[in-house]
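Observations on the model geometry
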Amino acid sequence: MKMTRLFLVGMLTLGILSATSCLGGGNDNNNGDDSEDPNFIESACAGCPLEEVLANGFRFFSYVKNIGGSGKIGMTISTSKGSATKEFNVTANTSYVFSCDVPAVAKSSAGFTYIAKFPGKAGYTDARTKAGYDCTGAPTNMQLQQR
């Protein structure tokens, strides 16, 4: 029974890791010059929350800066229970906070990994593992706001 639980937790984690990604659309008016595409790096935010506990899971926050050009990006966040996709317009040389809600319940034999990958040559990836929780549904409430 213990091996079955470990196998299921491992498969869930592997599934989330392999299925969770963000896609960058970029700016289509740059004639092949990718230096004008949106390009994200991590942006320090002292004292800012990385996550918030919700009644039905977690809200994760990522702090990023677009050091590339203006354009559109597509973000897709997936779990073993479903996925959500949303397109955002971004401005050159601007800092943002990205947030996403992931439904989960406490379960000692479970765990999941949240991954948000931002587009660009630098392409920052924010990943966090939550042990003791089972993901129960598709991500919701994806937002990208200037800060």
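A brief structural summary. (Residues numbered from 1 in each chain as written. Predicted model: local features only at pLDDT ≥ 70, side-chain atom pairs only at ≥ 80, totals over all residues. Heavy atoms only, no water.)

In terms of regular secondary structure, the chain is built from one helix and nine strands. Helices and strands appear in the chain in the N-to-C order α-β-β-β-β-β-β-β-β-β. The buried share of the chain, reckoned over its 147 residues, is 44%. Sequence separation of at least 24 residues holds for 70% of the intrachain contacts in the chain that already meet a minimum separation of 6. With the model as given, the accessible surface of the chain reaches about 7,900 Å², and the carbon-plus-sulfur share is 52%. (Helix = DSSP H or I, 4+ residues; strand = E, 2+ residues; numbered from the N terminus. Buried < 20%, exposed > 50% of the residue type's maximum accessible area, 1.4 Å probe, protein only. Contact = heavy atoms within 4.5 Å. Areas by Shrake-Rupley, 256 points an atom, 1.4 Å probe, with all protein chains shown as cover.)

Once their charged atoms are close, side chains differing in charge can pair, the charge on each being opposite to the other. Within this structure, the stated rule accounts for five salt bridges. Between aspartate 101 and arginine 59 there is a salt bridge, with the nearest N and O atoms lying 2.6 Å from each other. Of this pair, aspartate 101 sits in strand β7 (residues 94–117) while arginine 59 sits in strand β4 (residues 57–66), placing them 42 residues apart in sequence. Across the pair, exposure class does not vary: aspartate 101 and arginine 59 are buried alike. Here aspartate 126 makes a salt bridge to arginine 128, at a shortest N to O gap of 2.5 Å. For the pair formed by aspartate 126 and arginine 128, the shared burial category is buried. One network of salt bridges, in which partners are shared, links Glu52, Arg59 and Asp101. (Salt bridge = Lys/Arg side-chain N within 4 Å of Asp/Glu carboxyl O.)

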